[in-house]
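Working through the structure, step by step
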Amino acid sequence: MDVDLMMRVYPFFLKAAVVTIELSVLTTILGLIMGSLGAAARLSRFAALRWIGAAYVSVIRGTPALIQLFILYFGGPQIGIQLDAFSAGVIGLGVNIGAYMTETIRGAIIAIDKGQREAARTLGMSQVQSFRKVVLPQAARLMIRPLGVNINALIKGTALVAPISVIELTYTAQRYIGSTYKPFEMFLLAGVLYMVIIYVTGRGIAWLDRRARIV
Amino acid sequence: MTDEKPFLDIRNAKKSYGKLEVLKDISLRVNRGQIVAIIGPSGSGKSTLLRAINDLDPLTAGEVWLEDVQINKKLPHRQYEKHINQVRQNIGMVFQHFNLFPHLSVRENVTLAPKMLKGLSDDEAEELAREQLEKVGMIDRIDYYPSRLSGGQKQRVAIARALAMKPKVMLFDEATSALDPELVEEVNLVMKKLAEEHMTMVIVTHEMGFAESVCDRVLFMDQGVVVEEGPPEKIFRNPDNERTQNFLRKHLANANR
Ligand SMILES: Nc1ncnc2c1ncn2[C@@H]1O[C@H](COP(=O)(O)OP(=O)(O)OP(=O)(O)O)[C@@H](O)[C@H]1O
Ligand SMILES: [Mg+2]
């Protein structure tokens, strides 16, 4: 193993790791927005919205994320959507993970006993009030862990933007392999950095989950 | 007493789930301060009738009136929501499984709705919570979370939560059925206290002894109809209808097992 080489290139990998983190953060934010909208649609009292929500989830979950990304980035210009690689990455991955988060959020909401909503409603609270003050605070606690699973998948999924030339960890590893012919060292370096990011995120989520426990 | 204008008035209530007729033309009038018990076998429609009163399970046909307001008015969605939220503030409901809000303390459980719906200040809400919790004997648990309370304590807090809205009527759906036998009495005592204060109540219960001791009137329901109704002495001691007799006999046998 060429440790010297690894020591020489790792600053570039650190820079790439920052891009991976940026991608992850922005994707998480977009994913949470899409997930909330998706869950709201799926739980709506309007059939049309429910249908749209269901279609979103099944289309996204029924096709490879890589194809979705390629359609957006390579196919987009054909229908007038011109995006730089990084934006395409965030939007593609965010819309993708949003479908999974839709199911996570919806699952947590419907897991709250319907007696909770009924109790709130019988006190005279409106639909919105009972949702905001009674159902959502409980559902939010329930969804932290499964959203953590989604975020874990999303971080690993950022590697998918390498083929559209976003200079993140996987792309950087591939580029250095091209010049050094040392795939073992380069992928190892990228892998270790992914692991650090995922480990820290995981701890953060476990911390949140513990803090949000109902006493 | 009997010719008094009814306070709560259920007129020709019908309810079906698809082909299943759960309530078949039931009428029930409750005067102010009256306490009515509804008894009957499982699946006879007791909960459905009770939950129709605050329109939690809307009727297929029939009307429910509280004083001079029709509760189950047919209105466009938005107007209906406004109307029903207003009406429900007058109708307290207590559930078999308490349905306390687990993420809120006892205090917050009691003050949430009054603060939100009646705009009470923190001080006013605090005073209200203390008053209601005092009444149900739970003032020393005001800072607890529901998970640390026994079933009987939870139910008493749930009653305080309902009372905090100052309802005109209280509905109880088997309030003690989920409790261990030794915890039933503490909840019954609270309900008796309400009875002494002349709270109007409709109580679905499997506890004949309790029903007999607090109620003014008993309805025996079976398969979606009121088979027999009358004063507790009559229904429990000397029922006319064979179905009532059978039910009570079976029930007694079970209770003595
Ligand atoms: N949402 C529903 N959909 C279909 N059928 C229902 C629904 N809710 C209740 N039922 C049926 O209506 C009938 C009456 O139910 P209800 O809960 O009112 O009975 P109950 O007298 O309260 O019984 P229990 O003593 O077991 O609580 C039952 O046959 C029940 O299966
Ligand atoms: Mg019932």
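Residues numbered from 1 in each chain as written. Chains lettered and ligands numbered in written order. Predicted model: local features only at pLDDT ≥ 70, side-chain atom pairs only at ≥ 80, totals over all residues. Heavy atoms only, no water.

Per an unreviewed UniProt entry, chain B goes by the name Amino acid ABC transporter ATP-binding protein and belongs to Maritimibacter fusiformis. In its Subcellular location (unreviewed entry) section, the UniProt record describing chain B reads: "Cell membrane". (UniProt positions renumbered as here; feature names shortened; annotations may be inferred.)

With an unreviewed UniProt entry as reference, chain A is termed Amino acid ABC transporter permease, source organism Maritimibacter fusiformis. On record in UniProt, under Sequence similarities (unreviewed entry), the comment for chain A is "Belongs to the binding-protein-dependent transport system permease family. HisMQ subfamily."

**Here we look at the site of ligand 1**
All names here are of chain B. Near ligand 1 there are 13 residues, and of these Ser42, Gly43, Lys46, Ser47 and Thr48 occur at the shortest range. Glycine 43 places a polar main-chain atom, nitrogen or oxygen, 2.8 Å from an oxygen atom of ligand 1. Between ligand 1 and glutamate 174 there is a distance of 3.3 Å, counted from an oxygen atom to a side-chain nitrogen or oxygen. Starting from 630 Å² of accessible surface for ligand 1 in isolation, the protein chains cover 59%. Taken together, the elements giving at least two residues each to the shell around ligand 1 come down to β2 (20–30) and α1 (46–53). In terms of residue count, the dominant contributor to the shell around ligand 1 is α1 (three residues). Here the shell around ligand 1 is composed, by residue class, of four nonpolar, seven polar and two charged. (Near = heavy atom within 4 Å. Polar contact = N/O pair within 3.5 Å; in protein donor to acceptor, adjacent residues only side chain to side chain. Areas by Shrake-Rupley, 256 points an atom, 1.4 Å probe, with all protein chains shown as cover. Helix = DSSP H or I, 4+ residues; strand = E, 2+ residues; numbered from the N terminus. Nonpolar A, V, L, I, M, F, W, Y, C, P; charged D, E, K, R; others polar.)

**Notes on the packing of helix α1 (residues 3–42) of chain A against helix α2 (residues 47–61) of chain A**
Residues and elements named next belong to chain A. Where α1 meets α2, the closest approach of the two axes is 7 Å, and the angle between their N-to-C directions is 135°. Our classification of the angle between α1 and α2 gives oblique. In this structure, α1 crosses over α2, and the sense of that crossing is left-handed. Seen from α1, the contacting residues are Met34, Ala41 and Arg42; seen from α2, they are Leu49, Arg50, Gly53, Ala54, Tyr56 and Val57. Residues of the contact of α1 with α2, tallied by class, amount to six nonpolar, one polar and two charged. (Axes fitted to C-alpha atoms, helices over the stretch in contact; angles between N-to-C directions. Parallel < 35°, antiparallel > 145°, perpendicular 65-115°, else oblique. Left-handed = near helix turned anticlockwise from the far one by under 90°. Contact = heavy atoms within 4.5 Å.)

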